[in-house]
Amino acid sequence: MAYISPVNDQLFMKLFTVRNPKDWDSNKKELKNFILDILDREYNQIFWSLVKSLDENEIKEEEEKKEAIKKYIIGFFEGKKETNNFAYAWYRSQSQNQSVLFIATSIEMKDNLESRYDLSPMFDYFDTHYDIKFCVQRYATEFLPLNRLDENLEFFNYREFISAKDSDINMRRTCSERVIFDNLIWHFYRPRQLYEKPVIRATDDLEIKLYTEKEPCLQCYSMMISLKNEYKNNLSLKVYYKYWLNEDMKLLARFNRQVEIFPEVPSEKALKSMASRQRQRGTIYEYERIPQYIEREKKQQQSQQQQKLKQQQKKQRQQEEREKNIEQQDSRARPQSKMKLLNILPTIIIPAFLLLRFRKK
Ligand SMILES: [Zn+2]
């Protein structure tokens, strides 16, 4: 520790370089892969597994252990539940010549690391070799406030009123942001008493950049604001989260929003039905639903066309039926007419024959 490694520093800087909101995800992935690669490459060094000569069974065991540790890292980064949060913070100080990355997830908090003795060599290794600190242990620094709102929407420290049954506030105690600051203060300042504040010299320059996937909750927000205020001469704290936008990203987001509202030029009919619904509902935001009106209009047109086609087909079928009927009638009519002719024949031929005969006489 206590040196700024240029290689790590570059990676840490990259983790906070974003051109669009999706970059946070790829940065996180890069960090995950960085750690997994090291684990793969330096596993033997981390766990000293080559010190003893291993037989076949032991080698197999080691391999299984390695896979389990990899799985643990993946779980650390990816979480299991929707409510989980992941965060990292880069602590940098020129005056102290330090650059450390803290990573935390809200699923993994242990009051006592002894229960993960299988993992602690890895945590130590990343701390000493790569300045990456897994925040997996909770320290008893009660220095950070745990605030709630009073009736004037002002914050007050709720710590001494917390009930064990109050799951809402207890959940906030393991927020990734809080865990990171807990670990950070412990790592650099080692408070000896419960409420001891970090001693920061006037010449200290602390730069903390924190990225949290989820927007900070009220408790984390007020905790970080109070740190900012208390150490405003020494501490520069910047907090980013998934939906944070810089100026370029704002421009892009504004453009994307327009494309979302107007994926194509709406037809006059779509515009008209939107306007009439807008008057009905009295909300000016109805135009944001334009894609729905465009879609509806398209569907209506489609069903009209289909109906037309059906009618045409029906007409055609009727026409065909009619023609078929006529044909059938004709084929039946022909023998009838022959019969008729045969019937008529005697009435014409016999009198004519008789007439001719009598005339001769
Ligand atoms: Zn929180």
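Before any of the text, the structure's been laid out above.
Presented here is a report on the structure given in the accompanying data block. (Residues numbered from 1 in each chain as written. Predicted model: local features only at pLDDT ≥ 70, side-chain atom pairs only at ≥ 80, totals over all residues. Heavy atoms only, no water.)

Okay, the overall build of the protein chain next. Each helix and strand counted, the protein chain has ten helices and seven strands in total. Counting every position in the protein chain, which comprises 361 residues, the buried fraction comes to 36%. A separation threshold of at least 6 residues defines the contact pool for the protein chain, and within that pool the share at least 24 residues apart is 73%. As displayed, the protein chain offers around 24500 Å² of accessible surface, 52% of which is attributable to carbon and sulfur atoms. (Helix = DSSP H or I, 4+ residues; strand = E, 2+ residues; numbered from the N terminus. Buried < 20%, exposed > 50% of the residue type's maximum accessible area, 1.4 Å probe, protein only. Contact = heavy atoms within 4.5 Å. Areas by Shrake-Rupley, 256 points an atom, 1.4 Å probe, with all protein chains shown as cover.)

Right, let's talk about a negative patch on the surface for a bit. There is a patch of like negative charges on the surface, built from Asp55, Glu56, Glu58, Glu61, Glu63 and Glu64. As for its position among the elements, Glu56 is in helix H3 (residues 56-78). Assessed through its relative accessible area of 72%, Glu56 is described here as exposed. (Patch = residues over 30% accessible without salt bridge, like charges linked within 9 Å, V, L, I, M, F, W, Y side chains within 5 Å. Salt bridge = Lys/Arg side-chain N within 4 Å of Asp/Glu carboxyl O. Lys, Arg positive; Asp, Glu negative; His and termini not counted. Charge placed at Lys NZ, Arg CZ, Asp CG, Glu CD.)

Before going further, it helps to spend a moment on helix H9 (residues 268-281). In an α-helix, one turn spans 3.6 residues, which is why side chains three or four residues apart end up on the same side. Between the first and last C-alpha of H9 there are 20 Å, a value that for 14 residues agrees with the 20 Å anticipated at 1.5 Å per step. Just past H9, the residue Gly282 takes up positive phi, approximately 70°. (Expected span 1.5 Å × (residues − 1).)

Moving on, we get to the sheet that holds strand E2 (residues 98-105). Taken together, the five strands give an open sheet; going across it, the order is E3-E2-E1-E6-E7, and neighbouring strands pair in mixed fashion. A strand with exactly one partner marks an edge of an open sheet, and here the two such strands are strand E3 (132-134) and strand E7 (235-241). The sheet shows a mean angle of 15° between the axes of neighbouring strands, taken without regard to direction. Bridge count for strand E6 (residues 206-212) against E7 is seven bridges, and the pairing is parallel. Considered in E7, the bridge of Leu206 is made with Leu235. Each of strand E1 (86-93), E2 and E3 touches H3; the most contacted strand, E2, lies at about 85° to it. (Pairing = 2+ DSSP bridges. Axes fitted to C-alpha atoms, helices over the stretch in contact; angles between N-to-C directions.)

Inspection of every chain in the model, using the stated rule, returns one cavity of 30 Å³ or more. Lining the largest cavity we find 13 residues, and of these Leu184, Ile185, Ile200, Leu206 and Leu235 sit closest to its centre. Mapped onto the lining of the largest cavity, the elements with two or more residues apiece are helix H6 (176-189) and E6. Element by element, the count of residues in the lining of the largest cavity is highest for H6, at four residues. Residues of the lining of the largest cavity, tallied by class, amount to 13 nonpolar, no polar and no charged. (1 Å grid on protein atoms, 1.4 Å probe; cavity = no way out; pocket = protein on both sides within 12 Å on 5 of 7 lines; lining within 4 Å. Points joined across faces, edges and corners; volume = space filled by probe spheres on them. Nonpolar A, V, L, I, M, F, W, Y, C, P; charged D, E, K, R; others polar.)

What follows is about the pairing of E2. Most of E2 is tucked away: eight of the eight residues are buried. Alternating residues of E2 divide into Gln98, Val100, Phe102 and Ala104 and Ser99, Leu101, Ile103 and Thr105, and every residue in both groups is buried. Examined bridge by bridge, E1 and E2 share eight bridges and lie antiparallel to one another. Following the sheet pairing, Tyr88 is matched in E2 by Ile103.

Bringing the coordination of the zinc ion into the picture now. At 2.2 to 2.3 Å from the zinc ion lie its protein donor atoms, namely Cys175 (SG), Cys217 (SG) and Cys220 (SG). Positions of the donor residues of the zinc ion along the chain correspond to the pattern C-x41-C-x2-C. Residue class for Cys220 comes out buried when judged on its relative accessible area of 0%. (Donors = N, O, S within 2.8 Å, 3.2 Å for Na, K, Ca; no water.)

A full pass over the atoms with the stated rule returns 30 aromatic pairs. Seen in terms of ring centroids, Phe16 and Trp24 are 6.4 Å apart; in terms of plane orientation they differ by 85°. Their pairing is edge-to-face. Of the two residues, Phe16 and Trp24, neither departs from the other in class, the shared state being buried. Ring geometry for Phe126 versus Tyr130: centroids 6.0 Å apart, planes at 40°, classification tilted. One end of the pair, Phe126, and the other, Tyr130, are both in helix H4 (residues 120-130), four residues apart, so they sit about a helical turn from each other. For Phe126, a relative accessible area of 0% puts it in the buried group. Taking relative accessible area as the criterion, Tyr130 reaches 14% and is therefore assigned buried. A cation over an aromatic ring shows up here: Lys28 above the ring of Phe86, its NZ or CZ 4.9 Å from the ring centre. (Phe/Tyr/Trp six-rings, centres within 6.5 Å; stacked < 30°, edge-to-face > 60°. Lys NZ or Arg CZ within 6 Å of the ring centre and 35° of its normal.)

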